[in-house]
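# Commentary on secondary and tertiary structure
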Amino acid sequence: MLQLQNYIQGQLVPPTAGRYLPNIEPATGQVFSQIPESDAQDVALAVQAAEAALPAWRQLPAEERGQLLVRISELITRDLEPLAQAESQDNGKPVSLARTVDIPRAASNFAFFGTAAQHFASETHFQEGVALNYTVRHPLGVVGCISPWNLPLYLFTWKIAPALAAGCCVVAKPSEITPYTAFLLSKLCIEAGLPAGVLNIVHGTGPAAGQAIIEHPTIKAISFTGGTKTGEHIARTAAPLFKKLSLELGGKNPNIIFADCDLAEAVRTSLRSSFANQGQICLCGSRIFVERPIYEQFKQEFLAGVASLTVGDPQEEASRQGALVSEAHLQKVLSYIELAHQEGGRLLAGGQRVQVPGRCAGGYFLQPTVFEGLAPDCRVNLEEIFGPVVTLTPFDSEEEVLTWANGTEYGLAATIWTRDLNRAHRVAHALHSGIVWINTWLHRDLRTPFGGMKNSGVGREGGLEALRFFTEPQSITVKL
Ligand code: NDP
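The shown structure was predicted, so the numbers you read here are calculated from the model rather than taken from an experiment.

### Here we look at the packing of aromatic side chains
Taken as a whole and assessed by the stated rule, the structure comprises 10 aromatic pairs. Between the aromatic rings of Trp158 and Phe450, the centroid separation amounts to 6.2 Å while the plane-to-plane angle is 85 degrees, which identifies the pairing as edge-to-face. With Trp158 in helix H5 (residues 152-165) and Phe450 in the loop between strand E22 (435-438) and strand E23 (453-454), this residue pair connects regions lying 292 residues apart in the sequence. Overall, Phe450 belongs to the buried group, its relative accessible area being 18%. With a centroid separation of 5.5 Å and an interplanar angle of 15 degrees, the aromatic rings of Phe298 and Phe302 are classed as stacked. Of this pair, Phe298 and Phe302 are both found in helix H10 (residues 292-307), four residues apart, which corresponds to roughly one turn of the helix. Judged by relative accessible area, which is 0%, Phe302 ranks as buried. Members of the aromatic cluster, each reached through a chain of ring pairs, are Phe112, Phe113, Trp158 and Phe450. Here the basic side chain of Arg423 rests over the ring of Phe258, its NZ or CZ set 4.0 Å away from the ring centre.

Below you can see the structure in the form of structure tokens.
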């Protein structure tokens, strides 16, 4: 059986204690690989390797660091198909999605930050005749990157690439639930000639390997993407150690659909924003608010679209919905469907586990599910479900929908659908969301700040924000 290894000091190595965890394929429910159950000893070795590599890496000209990152990007693109297959097998997502979104975006993360390092400049503040103040941005040092299971390679590289570009050395942990492509990435880093110790990948559980990373005194910063509860725990642990923190956490995103929108486009994109990756994207819109005059028409067309989303083997091209990531997660999502019934919701579509015949008989499949008739402040409309479950709610005024949209503890992303330019900007500015898409969803420009307000996170990733995060400014003043 496939046995993954840690990547420490430029080599693939077994965990020190020799223990492994089973890794399950969500589409079949079968174990398909074993992953290192690493602990504090492995993290300590990884930190040592990173510390040793740091002086040479930070002094390497940005062009040369960048060339290595671009080389890794090229190798990811070369291996697009096997990486997409691996991501689909490990996560349960349709291979078509991994091929068009996850893996290309992972490649572009490395390409973007490989070149961005060369365009990163710092400020000068000149005081005429008095002083010249300039800022130097030093790499932070050894940093920790911890990522979740929903977009495994995509979010893992979204952290690692800017950290390396900024001149930091990295100790990274992918989710233990989806470690496969991070393992394949370590092989590509070796092939690309990344110097030993610059990037170290330690596999294992959050409480063991993750905890050792956030507690390690040498690690200067933690870049974390995951659940809000885990983020809170990390903040509590890392704050007294004065670590810099970037936390990308949960969401409960609203889609606001006004009567003057391009309805066909709003329906098409809302289907994607509701059910892409089985609704397991932090940016998915799970609360769909539709202005009353078009509510029934939107509902009809949306439900027709939901009926066409084939649930099936993620390896098959025709499948639009793959498996949820684990039995435990499936049970969590089913418990919210039960809660929606209890809270008085009317089930419009789905609601049941799906038995896919053949090799996927033991998989974790769920019908895309739609409810209406739920109060905007019920638990189903306030708590993150992180699965293929959405609610439809009619609204009568801009003021009303803004109150509902902003009425959760989260503030990650929102979409607005309207042809009225003034309203689009007005509503966008009034939303408590780190990211607002107008007449689109998941549009990507790597230069924009990415992250959430309120309990959706602290700090921003992307573009210069990420490079600033992984560096420490030093102000130097010269008296004239
Ligand atoms: P978790 O918070 O459970 O886990 C995220 C990562 O943290 C995993 O690698 C996990 O390891 C690790 N971890 C867990 N406990 C600790 C600990 N004590 N110390 C250090 N690391 C720890 O999130 P999920 O993997 O379940 O991901 C889903 C969540 O991620 C959702 O809430 C979603 O909204 C959020 N998310 C946010 C995004 C954003 O950009 N804002 C983007 C994507 C997802 P292990 O796997 O072993 O538990």
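Now, onward.
### Re the packing of H5 against helix H6 (residues 180-192)
Where H5 contacts H6, the two axes come as close as 8 Å, and the packing angle between them is 50 degrees. Accordingly, the angle class assigned to the pair H5 and H6 is oblique. Between H5 and H6 lies a crossing whose hand is right-handed. Judged by residue contacts, Pro152, Leu153, Phe156 and Thr157 of H5 engage Thr181, Ala182 and Leu185 from H6.

### With respect to the domain arrangement of the protein chain
Along its sequence, the protein chain is carved into domain 1 (2-249 + 456-479) and domain 2 (254-445). The straight-line distance from the C-alpha centre of domain 1 to that of domain 2 is 30 Å. At the junction of the two partners, domain 1 supplies 29 residues and domain 2 supplies 30 residues. For the pair domain 1 and domain 2, the summed buried area comes to about 2,400 Å², and 51% of that belongs to carbon and sulfur atoms. The largest contributions to the domain 1 side of the interface with domain 2 come from Ala27, Trp149 and Ser456, which together make up 22% of the buried area.

### Quick notes on empty space enclosed by the protein
Empty pockets left among the atoms are what a rolling probe the size of a water molecule brings to light. As enumerated under the stated definition, the model contains three cavities of 30 Å³ or more in all. Of the voids in this model, the largest cavity is the one considered here, and its volume is about 110 Å³. Lining the largest cavity are 14 residues, with Gly251, Gly279, Cys284, Ser286 and Phe386 positioned closest to its centre. Class assignment for the residues of the lining of the largest cavity results in six nonpolar, six polar and two charged. As a volume, the second largest cavity reaches approximately 60 Å³. Around the second largest cavity sit 13 residues that line it, and Lys252, Pro254, Tyr410, Gly411 and Ser433 are the ones nearest its centre.

### A look at the sheet that holds strand E6 (residues 124-127)
To summarise the sheet geometry, strands pair through backbone hydrogen bonds and adopt either a parallel or an antiparallel arrangement. Spatially, three strands are ordered E6-E7-E25 in an open sheet, and the strand pairing comes out antiparallel. The open sheet has two free edges, formed respectively by E6 and strand E25 (471-479), since each of these has just one partner strand. Each strand axis lies, on average, 20 degrees off the axis of its neighbour in the sheet, ignoring direction.

About the cut-offs
- Numbers given for residues are sequential positions, taken from 1 along each chain in its written order.
- Totals for whole chains, interfaces and linings use every residue, but because this is a predicted model, local features are given only for residues with pLDDT of at least 70 and side-chain atom pairs only at 80 or more, for both listing and counting.
- No hydrogens and no water enter the side-chain calculation; it runs on all heavy atoms of the structure.
- What counts as a ring pair is set by centres within 6.5 Å for rings of Phe, Tyr and Trp (its six-membered ring), and what kind of pair is set by the plane angle: stacked under 30 degrees, edge-to-face over 60, tilted for all other angles.
- Helical segments are the DSSP runs of H or I of at least four residues, strand segments are the runs of E of at least two, and each set is numbered from the N terminus.
- For the exposure calls, accessible area comes from a 1.4 Å probe over protein chains only, and a residue counts as buried if that area is under 20% of its type's maximum, exposed if over 50%, partly exposed in between.
- When the NZ atom of lysine or the CZ atom of arginine is within 6 Å of a ring's centre and also within 35 degrees of its normal, the charge is said to sit over that ring.
- Structural elements are reduced to axes, namely lines fitted to C-alpha atoms, with helices fitted over the stretch in contact, and the angle between N-to-C directions of any two is expressed from 0 to 180 degrees.
- Relative orientations are named as follows: roughly parallel for angles under 35 degrees, roughly antiparallel for angles over 145 degrees, roughly perpendicular for angles from 65 to 115 degrees, and oblique for any other angle.
- Crossings are classed by handedness, with left-handed meaning an anticlockwise turn of the near helix from the far one by less than a right angle and right-handed meaning a clockwise turn.
- In what follows, residue pairs with any heavy atoms lying within 4.5 Å of each other are defined as contacts.
- Domain delimitation in this document rests on an assignment produced automatically or drawn from a domain database.
- Buried area is understood as the total, over both parts, of accessible area removed when two parts are fitted together, assessed with a 1.4 Å probe.
- In the cavity and pocket records, a cavity denotes points on a 1 Å grid over the protein atoms alone where a 1.4 Å probe fits but cannot get out, a pocket denotes an open set with protein on both sides within 12 Å along at least 5 of 7 lines, and lining residues are residues with an atom within 4 Å of a point.
- Grid points are joined across faces, edges and corners, and a volume is the space filled by probe spheres set on the points.
- Each residue is assigned to one class: nonpolar for Ala, Val, Leu, Ile, Met, Phe, Trp, Tyr, Cys and Pro, charged for Asp, Glu, Lys and Arg, and polar for all the others, Gly among them.
- A pair of strands is treated as paired once DSSP finds two or more bridges between them.

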